[in-house]
Amino acid sequence: MEREAGKSLSVKSKKGDKEDVKTIEWEDLDHELTRLWSLSSALKEAQERKQSMQQKLECLIQVNAESLSRTNELEEMRQRLEARKLLVARTSIGFKAAEQDVKNKEENLGIEVRSLLVGGTSLSVAKSKLQEANSQLEGEGGYARLKVVTSKLRKRQQYMITQVSSIYPLKIEAGPSLDQELESFPGGSRFGSKPMSQGTVTILGLPFSMAPFTKMSLFTEKKEAQRSATALGYVAHAVSLTASYMTVPLRYPLRLGGSKSYIRDYAPYIEPSSSSDMSPMATLSQNQRFVEFPLFLDGQDTTRAAYAVFLLNKDIEQMLNYVGASGVGPRQVLSNLKELIRTVQSPEFIDT
């Protein structure tokens, strides 16, 4: 049997030369079977390990995938957190600015409240003083007495102005009027045509004419210029007395000197120089900055005298405005003075 098996194995090995079949001796069969069994066991064990390793790898891959997903979610959450932090920082800055603004407003409000309290205190004090003043006015020495005293003062002023009118009477003489209007300085009229009068207004019988002041020439009569200067001296004295009795500070004060009177203008300030064509009588004060203009003709310079008459008429208009009257004309000296005296002597003056 063994010989037949050996022959069969040898035959098979011979036939499988071409198939590369390994020939195993009978004596080595057990050993080869054992080896094959061990290799089969090792292969099975390897397959089991492979399967186990595959399961572990799949678990690891799944864990890594979940970890990656969690990492992505965490990154997104971190980005949202950073955005929230930026928003909180900006909100905090705005809150701090608003808080500072509120503090400033509180401080300002505190100051205003304190000012209001001070103002309320001042108002209460003023109210109490007003009540005291009202009680004084309602008493015997109040408004009624003031009205009586004012009426007496007006009557006294009327009496004094009447005395001035008696010293320097202003009358209207019938006939064509002389040129009494002030000419516009330095020439022409700003107020249109000259008003027509029914007669000539005189002061102490002397009329006043602007002709010598506007058209000075070699043929101008000295007597006419002297009469005008004398009339202006009377007017200046009458205006000065009336202003003192009426307690009116003249805008353009007078320096009386009869027919050589002057009127002062505090508006201009002219530096004196050797080349200036100023009259010696029109002096400039070094301490008080004013210029004196002559109310008379000083040589051939008519401009300064015309301006002086213009300022004198402004003083008369100032007193007319004080008593609530208006001038007859913007350039009439004697007519405006007569209107001033007539207004003061009227009964309505006492009630004003």
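Each value, and the rule that gives it
- Residues numbered from 1 in each chain as written.
- Predicted model: local features only at pLDDT ≥ 70, side-chain atom pairs only at ≥ 80, totals over all residues.
- Heavy atoms only, no water.
- Helix = DSSP H or I, 4+ residues; strand = E, 2+ residues; numbered from the N terminus.
- Contact = heavy atoms within 4.5 Å.
- Areas by Shrake-Rupley, 256 points an atom, 1.4 Å probe, with all protein chains shown as cover.
- Axes fitted to C-alpha atoms, helices over the stretch in contact; angles between N-to-C directions.
- Parallel < 35°, antiparallel > 145°, perpendicular 65-115°, else oblique.
- Nonpolar A, V, L, I, M, F, W, Y, C, P; charged D, E, K, R; others polar.
- Phe/Tyr/Trp six-rings, centres within 6.5 Å; stacked < 30°, edge-to-face > 60°.
- Polar contact = N/O pair within 3.5 Å; in protein donor to acceptor, adjacent residues only side chain to side chain.

A few points about the overall build of the chain
Thought 1: If you tally the helices and strands in the chain, you get eight helices and six strands.
Thought 2: Counting from the amino terminus, helix and strand elements in the chain follow one another as α-α-α-β-β-β-α-α-β-β-β-α-α-α.
Thought 3: Residue pairs in contact within the chain that sit at least 24 positions apart in sequence constitute 61% of those at least 6 positions apart.
Thought 4: Put simply, the chain shows about 24800 Å² of open surface, and 56% of that area lies on carbon and sulfur atoms.

Concerning the packing of helix H3 (residues 143-167) against helix H5 (residues 222-245)
Thought 1: Look at H3 against H5: their axes get within 10 Å of each other, and the N-to-C directions meet at 170°. Here H5 runs roughly antiparallel to H3, going by the angle between their axes. Mapping the contact onto sequence places Gln-157, Met-160, Ile-161 and Val-164 in H3 and Ala-238, Leu-241, Thr-242 and Tyr-245 in H5.
Thought 2: When grouped by side-chain class, the residues that make up the contact of H3 with H5 number six nonpolar, two polar and no charged.

Structural notes on the packing of aromatic side chains
Thought 1: Scanning the model with the defined rule gives five aromatic pairs in all.
Thought 2: Between Tyr-168 and Tyr-234 the ring centres are 5.5 Å apart and the planes differ by 40°, which places this aromatic pair in the tilted class. Highlighted residues: Tyr-168 in the loop between H3 and strand E1 (170-174) and Tyr-234 in helix H5, separated in sequence by 66 residues.
Thought 3: With 6.0 Å between their ring centres and 20° between their planes, Tyr-307 and Phe-310 make a pair best called stacked. Of this pair, Tyr-307 and Phe-310 both sit in helix H6 (residues 303-322), three residues apart, which is roughly one turn of that helix.

Describing the side chain of Glu-292
Thought 1: Examined against the element boundaries, Glu-292 turns out to sit in strand E6 (residues 291-294).
Thought 2: Of the polar contacts made by the side chain of Glu-292, one reaches the side chain of Arg-255; its length is 2.9 Å.
Thought 3: A polar side-chain atom of Glu-292 sits 2.9 Å from a polar atom in the side chain of Arg-264.

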